[in-house]
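What follows is the residue order along each chain.
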Amino acid sequence: MPDPARRDWAQNVRPRLSSLRLSPTRENEIVEELSQHLEDRWRELVGGGASEDEATRLALAEFREGNLLAQYMEPLRQSHAPAPITPGAPAGHALRHIWQDLRHATRTLRKQPAFTLAAVLTLALGIGANTAIFSIVNTVLLQPLPYPDSSRLFVVYEQRPAPALRVRFSAENFLDLQREQRAFEALGGYIGSGFTLTGRGEAEFVMGQTISAELLDVLDVQPMLGRRFRADENEGGRDHVMLLSHGLWQRRYGGDPGIVGQTITANGKPYTVIGVMPAAFEFPHERYQLWVPFAFRNNTLGMVNRGTHFLQVAGRLRAGTSPQQAQAELTTIARRLEAAYPENDAHLTMGMTSLVEETVGNVRTALLLVLSAVGFVLLIACANVTNLLLARASTRQREIAVRTTLGASRARLVWQLLTETLVLYVAGACAGVVLASWGLHTLIALSPGDIPRLDRTHLDLTTLAFTLGLTLVTGIGFGLVPALHSTYRVPAEQLKAAARSATAGRATRRARAALVAAEVALSLMLMVGAALAARSLLQLQRVDTGLDADGVLTFNVVPPEASYADGESVRRFHREVMERLSTQSGAIAVGATSHLPLSGQNVENGFTPEG
Amino acid sequence: MSDINARALDRELKRGSAELLILSLLDARPRHGYDLSKLIETRSGGQLKFHIDSLYPLLYRLEERGWIAGNWVEKPDERRRRLYKLTPEGRRVLAQQRKTLAAFVEAVRRVTGDEHA
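Keep in mind the model is a prediction, meaning the values are calculated, not measured. (Residues numbered from 1 in each chain as written. Chains lettered and ligands numbered in written order. Predicted model: local features only at pLDDT ≥ 70, side-chain atom pairs only at ≥ 80, totals over all residues.)

Caption draft 1: Focus on the overall build of chain B. The number of helices and strands found in chain B is 5 helices and 3 strands. With 117 residues in all, chain B has 30% of them scored as buried. The contacts in chain B between residues at least 6 apart in sequence include a share of 49% that link residues at least 24 apart. (Helix = DSSP H or I, 4+ residues; strand = E, 2+ residues; numbered from the N terminus. Buried ≥ 20, exposed ≤ 12 C-beta atoms within 10 Å, placed from the backbone. Contact = placed C-beta atoms within 7 Å.)

Following this line, the structure appears as structure tokens:
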């Protein structure tokens, strides 16, 4: 009796089915059934006296030329089965593989809801924090200022030596600089002023800016209604014109399109509204709601001199002129002024800083520090999730071993495991974006208002692109560790290991220990950073400023110019206010100042001792 | 019976009339593929012979239509075999095909009988 086990009919059958898309199970069934048929035929032929070789040849003659088997099977439904999801199946279209891997990954993760939820929430916290802080960094630091060609905008200031002190311009120095310089297309001055609006509705105190007409040329901004200031309006008697902010126009004047040309009362004097600025115009800060021209000529308050330093100055650099060239010119002009006016401008130098640096420079370091901190938080979150994945991988050794034995390549398995990790990360990112949106609203609401442009922060496309990039980079980076780790053994070892125990092997334990060590190190850095920041804050609060602010009340008061037109009447007004206040019960001392100490604002007056 | 070569049987298979042979043989009892091919060859006196590459696609097509059902059957000391049996739907189709064929044969007989009367 011939041994049927010696005949391997499958090698004659299987290739004839290769052009069909049968499921692996179905293909194996057909191979088995047809092999059985050939075996029966072979036995019959041998039983009839044929030699084994002759019987084999005759049995195989059942297959005719042209692979009719595949031709007849092609119309059948089973010949068009979707390719199996199991990695290691015959290669097909790349997109189909990706889709299958995604479905498989989703299904696998759904089967372990506790693991999936823990990983997604961990990642959501890390990715969400990074998304929220990056959106702030993007809006505050990375986006250009809302003026055309804003990289050419600079603030210019006077400097005094020993100790190096940055001070504002005096009006005369500003006018000389404006006249002599060539490096800037335009140079404008501005100073914050308080205005009490009366006439329509309740009296209201608002902050405004008194500016030189050229400032709007510097910023290159047109009013949305009306016109800019003219140069002749920087003169006493002609300076009673006003530009309103979009917000003030909407809020106090109901967005009345006929506001231009109307007269409103500010500080007791009539001003003609000549225009309304666009909603995005917030110069130099959103708290300023109107702009009036500064009277450089016929100034009744006597502020146009070389000793009173109150003007901030901004300039638009001429195209083709470098900041170094402009700085050199500033130095030359300062030297000439120093020589010409030694009594006021001794040791005078001038400096310049880009407007964007001036606007956000003092928050840049803080924001980048916070971004680094949340970056560490994300790294810790990723390390945690990788640890979870490694723990889970040790329970999947058998599955991976079986797949490898069935023919899955290592690359295919790594890709499959990586897809699972990426699905986790993308889910974490989606939840993170929701968290970031909520967190951002909270941050903006809690902000004391000292971060410029913070209120304009929102999750825009740039931020979402950042989040996507961050998710993919961290997902692939951290996903490769468990994927490579789980697939590095050859199948035989893997099967043995899987059969022995489902607990983590030595290599897995080592990888997890390394991750835990990295997490501890990162956490320690964060904690030390946070502790140092808290300590600095406490020390700042304990710094002796030389002031005792307990029980001190402050308020702004602006005497109406209509009633107090010159310096003497203003001084008389303040003296009277202080005298009356000092007679109030509970008042120990009363004082007045143009700017509060440590408020960050300053006006410097030069004094020349007489005699 | 005239000689019907394998290609001609294949054409019949495509037209669907070869299905009747399979359904008829399964009407009596379940059979496996090799059994079916031997029966057809034997009962047709060697005139009809199914090749492996046309028999099994036909069986799988009938199975997909739900006229026959294949099941793996294992017996002690034997390799498992796939046995096919007629389904109720297959039985209904067979009855219809037999009726049609009988009517056709009767019509042919009448026509050809008249010619030779």
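Caption draft 2: The nonpolar core, seen in detail. All names here are of chain A. Judged by nonpolar contacts, the single largest core of 55 residues is most densely connected at M242, L290 and V313. With residues near it in sequence (within four places) discarded, M242 still touches A266, Y271, T272, V273, I274, L290 and V292. I133, I136, C382 and L515 belong to the second largest nonpolar core, which has 38 residues in total. (Core = buried A, V, L, I, M, F, W, Y, C linked by C-beta atoms within 7 Å.)

Caption draft 3: The interface of chain A and chain B, seen in detail. Taken together, the contact between chain A and chain B spans 16 residues of the former and 14 residues of the latter. At 6 residues, the largest contribution of residues to the side of chain A that touches chain B is made by helix α2 (residues 24-47) of chain A. A breakdown of the residues in the side of chain A that touches chain B according to their chemical character gives 7 nonpolar, 3 polar and 6 charged. (Nonpolar A, V, L, I, M, F, W, Y, C, P; charged D, E, K, R; others polar.)

Caption draft 4: Up close: the environment of V120 of chain A. Residues and elements named next belong to chain A. Take V120: it is sitting in helix α6 (residues 113-142). The exposure class of V120 is buried, given the 22 C-beta atoms found within 10 Å. When the C-alpha positions of V120 and V385 are compared, they lie 8.6 Å apart, and in sequence the two are 265 residues distant. Once residues within four sequence positions are removed from consideration, V120 is found in contact with L424, A427, G428 and A431.

Caption draft 5: The arrangement of the pairing of strand β4 (residues 184-198) of chain A in detail. Residues and elements named next belong to chain A. Direction of pairing for β4 relative to strand β11 (residues 308-317): antiparallel, over a ladder of 6 bridges. The partner of Y190 across the bridge, within β11, is Q312. If you look at the hairpin formed by β4 and strand β5 (residues 204-211), you'll find 5 residues sitting between the two strands, and G199 has a positive phi there, around 105°. One ladder, built from 2 bridges, connects β4 with strand β8 (residues 263-266); its direction is antiparallel. Note on β8: the bridge partner recorded for L197 is A266. (Pairing = 2+ DSSP bridges.)

Caption draft 6: Geometry of the pairing of β11 of chain A. Residue and element names in this part refer to chain A. Burial within β11 is extensive, with 10 of its 10 residues counted as buried. Strand direction decides the pairing type here: strand β1 (residues 153-160) and β11, joined by 4 bridges, are antiparallel. Bridge assignment links V155 to a residue of β11, and that residue is A314. Pairing of strand β3 (residues 169-170) with β11 involves 2 bridges; the strand directions are antiparallel. Considered in β11, the bridge of S170 is made with H309.

Caption draft 7: Examining α2 of chain A more closely. Relative to the 34 Å expected for 24 residues at 1.5 Å per residue, α2 of chain A spans 34 Å between its end C-alpha atoms, a close match to the ideal helical length. Looking only at α2 of chain A, the buried set comprises E27, I30, E33, L34, S35, H37, L38, R41 and W42 of chain A. Buried positions along α2 of chain A lie against α1 (10-17) and α3 (52-60) of chain A together with α3 (33-43), α4 (52-65) and β3 (81-86) of chain B. Of the residues flanking the end of α2 of chain A, it is G49 of chain A, one or two places downstream, whose phi is positive at about 110°. (Expected span 1.5 Å × (residues − 1).)

Caption draft 8: Local environment of the sheet that holds strand β1 (residues 31-32) of chain B. Residue and element names in this part refer to chain B. The strand order across the open sheet built from 3 strands is β1-β3-β2, with neighbouring strands paired in antiparallel fashion. With partners counted over all chains shown, the strands left at the sheet margins are β1 and β2 (68-73), one partner each. In this sheet, β3 lies alongside β1 in antiparallel orientation, the contact comprising 2 bridges. Residue H32 lies in a different strand from β3, and its bridge partner there is L83.

Caption draft 9: Examining the packing of α3 of chain B against α4 of chain B more closely. All names here are of chain B. One can describe the packing of α3 onto α4 by two numbers: an axis separation of 11 Å at closest approach and a directional angle of 115°. Helix-helix and strand crossings are classified by hand; for α3 and α4 the assignment is right-handed. Each of G33, L36 and S37 in α3 lies in contact with α4, whose residues at this interface are L55, Y56 and L59. (Axes fitted to C-alpha atoms, helices over the stretch in contact; angles between N-to-C directions. Left-handed = near helix turned anticlockwise from the far one by under 90°.)

Geometric descriptors of this kind do not, in isolation, establish any biological role.
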